[in-house]
Protein chains: 2
Amino acid sequence: MTPVNLKSLSEQLNLSIATVSRALRDSHEVSEATKVRVRALASALHYEPNAYASSLRRNISKTIGVVIPKVANHFFALAINGIEEAARQSGYHVLIYLTHDDYEREMSIVQHLKGGRVDGLLMSVASGTQDFAHLRSLKDANIPIVFFDRVCAEIETAKVTTNDYESGYQATEHLIQAGCRTIAHLLISNNLSIGQFRHQGYLDALTANDQAPDPDLVMSGVMDNEQNVALIRELLLRRPDIDGIFASVERLAISAYRVCHELQRRIPEDVKIIGFSNLEAAALLDPPLSTITQPAYDIGREAAKILLRAVEKKKAVLSTQSVVLESTLFARQSTGS
Amino acid sequence: MTPVNLKSLSEQLNLSIATVSRALRDSHEVSEATKVRVRALASALHYEPNAYASSLRRNISKTIGVVIPKVANHFFALAINGIEEAARQSGYHVLIYLTHDDYEREMSIVQHLKGGRVDGLLMSVASGTQDFAHLRSLKDANIPIVFFDRVCAEIETAKVTTNDYESGYQATEHLIQAGCRTIAHLLISNNLSIGQFRHQGYLDALTANDQAPDPDLVMSGVMDNEQNVALIRELLLRRPDIDGIFASVERLAISAYRVCHELQRRIPEDVKIIGFSNLEAAALLDPPLSTITQPAYDIGREAAKILLRAVEKKKAVLSTQSVVLESTLFARQSTGS
DNA sequence: TTTATTTACGCAAACGTTTTCGGTAGATAG
DNA sequence: CTATCTACCGAAAACGTTTGCGTAAATAAA
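For clarity, every value in this text was computed on a predicted model and none was experimentally measured.

### A closer look at the sheet that holds strand β9 (residues 272–276) of chain A
All names here are of chain A.
Logical step 1: Spatially, six strands are ordered β7-β6-β8-β9-β10-β12 in an open sheet, and the strand pairing comes out mixed. Of all strands in the sheet, those bounded by a partner on one side alone are β7 (218–220) and β12 (328–330). Adjacent strand axes in the sheet meet at a mean angle of 15 degrees, parallel and antiparallel pairs treated alike.
Logical step 2: With three bridges connecting them, strand β6 (residues 183–187) and β7 associate as parallel partners. For L187, the partnering residue across the bridge sits in β7 and is S220.
Logical step 3: Together, β6, β8 (244–247), β9, β10 (290–293) and β12 form the strand contacts of helix α8 (residues 164–177), whose direction differs from that of β9 by roughly 165 degrees.
Logical step 4: Each of β6, β7 and β8 is contacted by helix α10 (residues 225–238), which is oriented at about 170 degrees to β7, the strand it contacts most.

### Section: the packing of helix α6 (residues 103–113) of chain A against helix α7 (residues 133–140) of chain A
Residues and elements named next belong to chain A.
Logical step 1: Axis separation between α6 and α7 bottoms out at 9 Å; the angle between their running directions is 10 degrees. For the element pair α6 / α7, the angle class is roughly parallel. For the pair α6 and α7, the contacting residues are Y103, E106, M107 and V110 in the first and H134, L135 and L138 in the second.
Logical step 2: Among the residues forming the contact of α6 with α7, the class breakdown is five nonpolar, one polar and one charged.

### Focus: the pattern of salt bridges
All names here are of chain A.
Logical step 1: Going through the model one piece at a time under the given rule, you end up with 36 salt bridges over all chains.
Logical step 2: The shortest N-O distance in the salt bridge between K62 and E312 comes to 3.8 Å. Here E312 lies in helix α12 (residues 296–313) and K62 lies in the loop between α4 (51–58) and β1 (63–68), a separation of 250 residues in the sequence.
Logical step 3: Note on K62: relative accessible area 26%, which makes it partly exposed.
Logical step 4: Note that R150 and D101 form a salt bridge whose closest N and O atoms lie 2.8 Å from each other. You can see R150 sitting in the loop between β4 (145–148) and β5 (159–162) and its partner D101 sitting in the loop between β2 (93–98) and α6, a full 49 residues away along the chain.
Logical step 5: Note on R150: relative accessible area 6%, which makes it buried.
Logical step 6: Relative accessible area serves as the criterion here: at 10%, D101 is assigned to the buried category.
Logical step 7: Linked through salt bridges whose partners overlap, the residues forming this network are D214, D216, E234, R238, R239 and D241.

### Some points on the protein's contact with DNA strand D
Logical step 1: Around DNA strand D there are 26 residues in total, and Y47 and R57 of chain A together with T19, R22 and E29 of chain B lie nearest to it.
Logical step 2: If you look at DNA strand D and keep only atoms within 4 Å of the protein, 63% of those are sugar or phosphate atoms.
Logical step 3: A53 of chain A is positioned with one of its backbone polar atoms (N or O) 3.4 Å from a base nitrogen of DNA strand D.
Logical step 4: Measuring from a phosphate oxygen of DNA strand D, one finds a side-chain N or O atom of T34 of chain B at 2.8 Å.
Logical step 5: When its residues are assigned to classes, the surface near DNA strand D shows ten nonpolar, nine polar and seven charged.

### Overview of the relation of the copies chain A and chain B
Logical step 1: The transform that puts chain A on chain B rotates by 180 degrees and translates by 0.0 Å along the axis, for an RMSD of 0.1 Å. Such values leave the two copies arranged in the relation of a two-fold axis.
Logical step 2: Interface overlap between copies: 100% of the residues of chain A at the interface are likewise at the interface in chain B, consistent with a symmetric, same-surface contact.

### Looking at the nonpolar core
Logical step 1: Among the nonpolar cores identified, the biggest contains 122 residues, and L135 of chain A together with L135 of chain B are the most heavily contacted of them.
Logical step 2: In contact with L135 of chain A, not counting residues within four places along its chain, are V110, M123, V125, I145, F147, C152 and I155 of chain A.
Logical step 3: Counting residues in each nonpolar core, the second largest holds 63 residues, with L307 and V311 of chain A together with I64 and A86 of chain B among its members.

### Notes on the domain arrangement of chain A
Logical step 1: Taken domain by domain, chain A comprises domain 1 (6–49), domain 2 (61–162 + 296–325) and domain 3 (164–294 + 329–335).
Logical step 2: A C-alpha centroid distance of 62 Å is found between domain 1 of chain A and domain 3 of chain A.

### Focus on the packing of helix α8 (residues 164–177) of chain B against helix α9 (residues 193–208) of chain B
All names here are of chain B.
Logical step 1: In the contact formed by α8 and α9, the axes pass within 7 Å of each other and the chain directions differ by 40 degrees. With respect to each other, α8 and α9 are oriented oblique. Viewed along their axes, α8 and α9 form a crossing whose handedness is right-handed. Only I194, F197, R198, Q200, G201, Y202, D204, A205, L206 and A208 of α9 make contact with α8, whose side of the interface consists of D164, Y165, G168, Y169, T172, E173 and I176.
Logical step 2: Class assignment for the residues of the contact of α8 with α9 results in nine nonpolar, four polar and four charged.

### Brief notes about the sheet that holds strand β10 (residues 290–293) of chain B
The strands that make up a sheet are held in pairs by hydrogen bonds between backbone atoms, and each pair lies either parallel or antiparallel.
Residues and elements named next belong to chain B.
Logical step 1: Reading across from one edge, β7-β6-β8-β9-β10-β12 is the order of the six strands in this open sheet, with mixed pairing throughout. Each of the sheet's edge strands pairs with one partner strand only, and the pair in question is β7 (218–220) and β12 (328–330). Adjacent strand axes in the sheet meet at a mean angle of 15 degrees, parallel and antiparallel pairs treated alike.
Logical step 2: Note: strand β8 (residues 244–247) against strand β9 (residues 272–276), four bridges, orientation parallel. In the sheet register, F246 faces β9, and the bridge partner there is I274.
Logical step 3: Where α9 meets the sheet, it contacts β6 (183–187), β7, β8 and β9, and its direction lies at approximately 170 degrees from that of β6.

### With respect to the state of the cysteines
Logical step 1: Inspection of every chain in the model, using the stated rule, returns zero disulfides over all chains.
Logical step 2: Not part of a disulfide, C260 of chain B finds its nearest cysteine sulfur in C180 of chain B, a span of 12 Å.

### As for the protein's contact with DNA strand C
Logical step 1: DNA strand C sits among 26 residues. The nearest are T19 and R22 of chain A together with L6, Y47 and R57 of chain B.
Logical step 2: Expressed as a percentage, the sugar and phosphate content of the atoms of DNA strand C within 4 Å of the protein is 62%.
Logical step 3: Here L6 of chain B contributes a backbone N or O atom positioned 2.7 Å from a phosphate oxygen of DNA strand C.
Logical step 4: In the model, a phosphate oxygen of DNA strand C is placed 2.5 Å from a nitrogen or oxygen of the Y47 of chain B side chain.
Logical step 5: Broken down by secondary-structure element, the contributors of at least two residues to the surface near DNA strand C are α2 (17–24) and α4 of chain A together with α2 (17–24) and α4 (51–58) of chain B.
Logical step 6: Residues of the surface near DNA strand C, tallied by class, amount to ten nonpolar, nine polar and seven charged.

### A short note on the pairing of strand β2 (residues 93–98) of chain B
Residues and elements named next belong to chain B.
Logical step 1: Most of β2 is tucked away, with six of its six residues classed as buried.
Logical step 2: Where burial is concerned, the two faces of β2 agree: the one with H93, L95 and Y97 and the one with V94, I96 and L98 are both buried.
Logical step 3: Looking at chain direction, strand β1 (residues 63–68) and β2 are connected through six bridges and run parallel. The residue bridging I64 from the neighbouring strand is V94, located in β2.
Logical step 4: Note that the unit made of β1, helix α5 (residues 74–89) and β2 has a crossover that is right-handed.

### Focus on α4 of chain A
Residue and element names in this part refer to chain A.
Logical step 1: When α4 is considered as a whole, its buried residues turn out to be A51, Y52 and S55. In a view along the axis of α4, the buried residues occupy a sector of 95 degrees, so they form one face of it.
Logical step 2: The N-terminus of α4 is capped by N50, whose side-chain oxygen sits 2.8 Å from the backbone nitrogen of Y52.
Logical step 3: N59, located one to two residues past α4, shows a positive phi value of around 60 degrees.

Parameters at a glance
- The residue count restarts for each chain, going from 1 along the sequence in the order it is written.
- A letter from A marks each chain and a number from 1 marks each ligand, given out in the order of writing.
- Only residues with pLDDT of at least 70 get local features here, since the model is predicted, and only at 80 or more are side-chain atom pairs given and counted; chain-wide, interface and lining totals rely on the full set of residues.
- No hydrogens and no water enter the side-chain calculation; it runs on all heavy atoms of the structure.
- Paired strands are those between which DSSP finds at least two bridges.
- The numbering of helices and of strands both runs from the N terminus, where a helix is a DSSP run of H or I of at least 4 residues and a strand a run of E of at least 2.
- Angles run from 0 to 180 degrees between N-to-C directions of axes, and those axes are lines fitted to C-alpha atoms, restricted for helices to the stretch in contact.
- Note on contacts: a residue pair is in contact if any heavy atoms of the two residues lie within 4.5 Å.
- The scheme is simple: roughly parallel for angles under 35 degrees, roughly antiparallel for over 145, roughly perpendicular for 65 to 115, oblique for anything else.
- Under the scheme applied, nonpolar residues are Ala, Val, Leu, Ile, Met, Phe, Trp, Tyr, Cys and Pro; charged residues are Asp, Glu, Lys and Arg; polar residues are all the others, including Gly.
- The term salt bridge refers to a side-chain nitrogen of Lys or Arg lying within 4 Å of a carboxyl oxygen of Asp or Glu.
- Each residue is placed in one exposure class: buried if its accessible area under a 1.4 Å probe, protein chains only, is under 20% of its type's maximum, exposed if it is over 50%, and partly exposed if it falls in between.
- One heavy atom within 4 Å of a molecule or strand is enough for the residue carrying it to be called near that molecule or strand.
- For the purposes of these results, a polar contact is taken to be a pair of N or O atoms within 3.5 Å, where, inside protein, one atom must be able to donate a hydrogen and its partner to accept one; residues adjacent in sequence count only when each atom of the pair is a side-chain atom.
- A least-squares fit on C-alpha atoms brings the copies together, and the residues used are those whose pLDDT is at least 70 in both copies.
- Definition used in this section: a nonpolar core is a set of buried Ala, Val, Leu, Ile, Met, Phe, Trp, Tyr and Cys residues joined via side-chain atoms within 4.5 Å.
- What fixes the domain bounds is an automatic or database domain assignment.
- Helix crossings fall into two classes, left-handed where the near helix is turned counterclockwise from the far one by less than a right angle and right-handed where it is turned clockwise.
- The criterion for a disulfide is a pair of cysteine sulfur atoms lying within 2.5 Å.
- Seen with the strands pointing away from the viewer, any crossover whose path from the first strand over the helix to the second strand runs clockwise is right-handed.
- Here, the arc refers to the directions that run from the helix axis to the C-beta atoms.

Right, here's the structure in full:
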């Protein structure tokens, strides 16, 4: 069985390889008649151009990489959805890599990607990442990068985020309005920019409402869920006066629910809870969870579109192209409404 | 800035391209001394081999494709996690494609992939797919494929699934044990093999317990969630005698919850519900949802491992390599326990 | 008529890697 | 002193595409 490539096509058509290639790319240097002949045979034999040969020659892979901490998280799942959609529309392929919030893995992935396997990169940095040299070096390799959600402030490029500060502020104020006097903040990891923004919103909302921020009420989560549950349990036992919880990330809100159920703390009577979450079932929880919901799909899609624009034009991505998409606060029963 | 490739390396080292290539691949035809020299310079200059050149020459892409209906679904998210893990361990990359349960899209994706972009394919077929010619043609293109979860019985290859029939049987019997006399089955789509298996389990459990199956109690879901809600509402209103619901897929279980809340049907007093689900928060729902939980991560990982074994050995994947991983039934309050 | 210009196509060189087929120098064996 | 072997290395041909350049014929302009 002879392979079906430009060579075999050209032989059957009595044309040169060059002409067949041009015909398939609809070049104006080929007569309409030949184009018809070529296309007919190509589709009859189900010809598919070899992506790697093409990529090698054109130095373009029509592929973008997505590097995220994990996918088993509704936010990232939705974001991928948006990314894939945008990529598909522009004829791009999507390579996916999970860091599991591990710095070493993130570095090794990025290093590999510099080999030209991707034309551009979308990224949500790992919580463990402190050093950004590996990201900076992407610039040298001429691979544009766009951050989404968990951005890296130190790198000069476009970032797609939600209004983290305002959301943190709103969430906290929502708890205060609901009557909370001692509000704990469960945040992802203290070296993540979005965590810091949300935390600053929390702090500012407290002081704006004459409540003194108390570092003892701030807990930063870890990777392991069971460990988080233990930490939250300890926090609630140590500070029985806590009557409000603001969780910066879905996982911690869920864990807080578990601990409250376990400790027989009634929600919202004893403790009110609000958390960042993209959980569809949030309204079906016991009680329905008040959420700040990020436009995850749009964040992914927007980030991909910005990246693809840069890739297509072979221009660098600029910080000025950054976009902030607003989250929505859904007040439900867990905060008393 | 000169590019860093084999040519530039070889020039700086006063070696031939061939030797540099061999040194980096740790060939025995190169002296240890030269290897050290080569590796030193390569890592100093952060040399990354061009993946496309290598793929073109070796006719191997070190990439697998994953084609799934959607990612915003806990099952698939977890499966991807397992897939990525297995791929990473073997040095493979993962391309991801979403069909959104659309046959046309699935076909076009598969067609593109025959260009040699991937060494193998993992797939969960779209619910709309009836014709399998596009999948069969992968055999001709010599691209091995392994199905997981939503398999295609007509294609001769390995499949990784859960024990769908038994799970459907168990779930139904669980409802019967809980006292249900009129059990509805909400299934994904009637032309999906897993739906059929689960449905057969449902039917057999009914007859084994002297309950006559009633086609009027069987509803097959559609793509749109709101539409599903409407369908379920209509079903519950038309058949007020329904006292048990078995949902073959997470989305439908959630929708059933919404409808029950809306119609003031008490769970589990009026209606008992059990559903396939990988939702972490299932235990936190109101009331906690009884679930049949598939080992999603393991299903993805196992499927990937089988595929990669075949790819590495350049052998076809056999049906005999199929694996069935058991789901677990978690009895919670929604079925009265 | 001659001279430009256009149209349609082919030749051959890239792209960066891997691999086959040698080739040379030195060591060992006969 | 030749023959065989081993250990290293290089030249060059692939892999399938794209593309700059050349060119013949056909047409238009002079």
